[in-house]
Structure formats: C-alpha cells, structure tokens
Amino acid sequence: MRLFSFLRGKLKKYDDAVNFTCDICGREVFDGARVCHPCRGSLPRNAQNICPFCGRKVKEEGVCLECKQKPLSVKKARSVFTHDGEAARLVVRFKRGEKYLYRTLAELTVPLVEREFPMCDAVTFVPMTKRAEKKRGYNQSRLFAEEIAARTQKEFLAPVIKQRETSQQKTLGRADREKNLEGCFHITDRKAVKDRRILIVDDTLTTGATVSELANALLRAKAKEVYAVTFTSVANKHPFGLPPQE
Ligand SMILES: [Zn+2]
Ligand SMILES: [Zn+2]
C-alpha cells in the first residue's frame, strides 16, 4: 500500500492536465475531478455547529471559548473539513512531498470560497522562512493559494515574508502561540495590501494564531479587511485547542 502511494505520487507529477484516478482511493475517475464521488462524500465536512468567527467545530452552537476570550484578527475564518480522516491525511501527504495535491485541495475548497468570501478581491498565503521552504522544497500554502486565486479570479498577492523561525509549540493554546509568533511576519509590499479585502489561504487552522498574526501585519499595512480559509480545521473540543498530530 505504501509502495502504491509512493508510485502514485511519482506518477502524479507527470499527470498535469487531466486527472484519471482519484487522489484518495486511486479508483478511476471519468469526469476529470481529482477526487471520486464516494471519497468526496466520505470526507468530514465542517458544516454544523461551527464558531461564527474562527469557523472551528464546536460542541454547542455559538462562539468558541477562545474567540470569546480573544477574537482572531481575521474578520471571519472558514474551513471545508475538520482535521480528521482522509481530509487530514491529504494535508499530511501534501506537506510531505506530494506537491501536486494543491489542485485537489483547491478543487474541494473553491465552492466554500465562492460562497463565503465573495467580498475578497485578493488572495495571499502564509509565508515560510527561506530556510524552512528550502527544507521542504516548496511552500504548500502558497501553491494552494495561487490555485485558489486562479480558480476564483481573485488577484494573487505575495506581500509578506516570514523573517524568523518560530518554534513549534504544539501543545500551546492560542494566547501562547500568539506570543511565540509576534513580529515574525514582515510586509515587503505595502502598496499591494492597502485598502484590499484579503483572503489568507492555508492548509490547516489549529488555534488560528498564525493567520491572526499574519492578519495583524496586513492590517498594520492598511488592508481594509482580512479573512481566512483553510482546507481543514481542528475541532474545538479541547480546552486549549490541541493541534493535530503530524
Ligand atoms: Zn476515491
Ligand atoms: Zn472561535
């Protein structure tokens, strides 16, 4: 099975224009979609009981505890799926070398972007430090955001750099993560940001601290409003919003 997905990954790199097999189960698809119908139906939709601000799944309807304590700097965040099952696996595969999956994530995310974020006229991503990007070989958030921008006809912006590495303190809650991230983003193109309604695109939202810090930087550069969309988000079932296991 592992060998199979490895080979599939290798082959996919050359399979650019048309898709023939489902990116999840490998079954043949005939309509050019990246994911077959049964797999699409089995993905964990993040539809009911979500926090109206951060968009994470909550146990009871209403604003989540973390947003009650301190709202995110984005006006609204939404995610297509909860970080479970095959949706979570797609994110892990995407970050671990299966670069071509940006199209799959985008295909499944575009309807949500069109429904929830028609007001946004520009799209951006979460930058990585040069070193981290070199290590991975690509920035998955950027690939994903570029594809979303192209498919929704919004302008793609790259106005921010990440100037220092932040330690991965996975067990921290939002407030501590925010402290850890403070000042890590630097705006290099203020003109591109000014007066725009910008949508940040990323693979996963954990506590939302990262998109919030990025939104702070964009807002300081006079962006009009900042929103966020992610492929998955971690359900808010733990008191401190424990992040996913990678
Ligand atoms: Zn499938
Ligand atoms: Zn919330």
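The structure we're discussing is the one just above.
Here the structure is a predicted model, which means the values were calculated and not measured.

1. Here's the deal with the nonpolar core
Counting 37 residues, the largest nonpolar core has Phe-144, Leu-199, Val-201 and Phe-231 as the members making the most contacts within it. For this core, the secondary structure elements donating two or more residues are strand 1 (77-82), helix 4 (85-95), helix 5 (102-116), strand 2 (122-125), helix 7 (140-152), strand 6 (197-205) and strand 7 (225-233). At seven residues, helix 5 tops the list of elements feeding residues into this core. A domain-level breakdown of this core finds at least three residues from each of domain 1 (1-42) and domain 2 (43-233). Ignoring any residue separated from it by four or fewer positions in sequence, one finds Phe-144 in contact with Phe-94, Tyr-102, Leu-105, Ala-106, Thr-109, Val-201, Asp-202, Asp-203 and Phe-231. One finds Cys-64, Ala-77, Leu-157 and Ala-223 within the second-largest nonpolar core, a separate group that totals 31 residues.

2. Focus: the coordination of the zinc ion (ligand 1)
In the first shell of the zinc ion (ligand 1), the protein supplies Cys-22 (SG), Cys-25 (SG), Cys-36 (SG) and Cys-39 (SG), at 2.3 to 2.4 Å from the metal. Around the zinc ion (ligand 1), the four donor atoms are arranged such that angles at the metal cover 104 to 113°; this shape is classified as tetrahedral. For the zinc ion (ligand 1), the single-chain donor residues occur in sequence as C-x2-C-x10-C-x2-C. A relative accessible area of 30% means that Cys-25 is categorised as partly exposed.

3. Some thoughts on the coordination of the zinc ion (ligand 2)
Protein coordination of the zinc ion (ligand 2) is provided by Cys-51 (SG), Cys-54 (SG), Cys-64 (SG) and Cys-67 (SG), with donor distances spanning 2.3 to 2.4 Å. Sequence spacing of the donor residues for the zinc ion (ligand 2), all on one chain, is C-x2-C-x9-C-x2-C. Here Cys-54 is found in the loop between helix 2 (37-42) and helix 3 (65-69), whereas its partner Cys-64 is found in the loop between helix 2 and helix 3, with 10 residues between them in sequence. Comparing Cys-54 with Cys-64 shows no difference in burial state: the two are buried.

4. Description of the side chain of Ser-79
Structurally, Ser-79 is set in strand 1. For Ser-79, the side chain forms a polar contact with the side chain of Asn-46, separated by 2.9 Å. Reaching out from Ser-79, the side chain makes a polar contact with the side chain of Ser-233 at a distance of 2.6 Å. If we ignore the near neighbours within four places in the chain, the residues touching Ser-79 are Asn-46, Gly-55, Leu-112, Thr-230, Phe-231, Thr-232 and Ser-233.

5. Some words on the packing of helix 8 (residues 174-181) against helix 10 (residues 209-220)
Running from amino to carboxyl end, helix 8 crosses helix 10 at an angle of 45°, the nearest separation of the two axes being 9 Å. Between helix 8 and helix 10, the crossing angle belongs to the class labelled oblique. Remark: the crossing between helix 8 and helix 10 carries right-handed chirality. Contact residues: Arg-174, Arg-177, Glu-178 and Leu-181 in helix 8; Ala-209, Thr-210, Ser-212 and Glu-213 in helix 10. For the contact of helix 8 with helix 10, a count of residues per class yields two nonpolar, two polar and four charged.

6. Section: the sheet that holds strand 7
What the five strands build is an open sheet, ordered 1-7-6-2-3; its pairing is parallel. For this open sheet the edge positions go to strand 1 and strand 3 (155-156), each flanked by a neighbour on one side alone. Where strand 6 meets strand 7, eight bridges bridge the pair, whose relative direction is parallel. The residue of strand 7 that forms the bridge with Leu-205 is Ser-233. The strands that helix 4 touches are strand 1, strand 6 and strand 7; relative to strand 7, the one it contacts most, it runs at about 105°.

7. Focus: the pattern of salt bridges
A full pass over the atoms with the stated rule returns 17 salt bridges. One salt bridge in this structure joins Arg-151 and Glu-147, with 2.8 Å as the shortest N-O distance. In this pair, Arg-151 and Glu-147 both sit in helix 7, four residues apart, roughly one turn of the helix. Using a relative accessible area of 34% as the deciding quantity, one classes Arg-151 as partly exposed.

8. Considerations on unusual backbone geometry
One non-glycine residue with positive phi stands out, namely Asn-49, at about 50°. Among the residues examined, Asn-49 registers a relative accessible area of 28% and is labelled partly exposed. The phi torsion at Gln-153 lies on the positive side, around 55°, for a residue other than glycine. Mapping Gln-153 onto the fold places it in the loop between helix 7 and strand 3.

Definitions and cut-offs
- Residues numbered from 1 in each chain as written.
- Chains lettered and ligands numbered in written order.
- Predicted model: local features only at pLDDT ≥ 70, side-chain atom pairs only at ≥ 80, totals over all residues.
- Heavy atoms only, no water.
- Core = buried A, V, L, I, M, F, W, Y, C linked by side-chain atoms within 4.5 Å.
- Buried < 20%, exposed > 50% of the residue type's maximum accessible area, 1.4 Å probe, protein only.
- Helix = DSSP H or I, 4+ residues; strand = E, 2+ residues; numbered from the N terminus.
- Domains from an automatic or database assignment.
- Contact = heavy atoms within 4.5 Å.
- Donors = N, O, S within 2.8 Å, 3.2 Å for Na, K, Ca; no water.
- Tetrahedral: all angles 85-135°; square planar, octahedral: opposite > 155°, others 65-115°.
- Polar contact = N/O pair within 3.5 Å; in protein donor to acceptor, adjacent residues only side chain to side chain.
- Axes fitted to C-alpha atoms, helices over the stretch in contact; angles between N-to-C directions.
- Parallel < 35°, antiparallel > 145°, perpendicular 65-115°, else oblique.
- Left-handed = near helix turned anticlockwise from the far one by under 90°.
- Nonpolar A, V, L, I, M, F, W, Y, C, P; charged D, E, K, R; others polar.
- Pairing = 2+ DSSP bridges.
- Salt bridge = Lys/Arg side-chain N within 4 Å of Asp/Glu carboxyl O.

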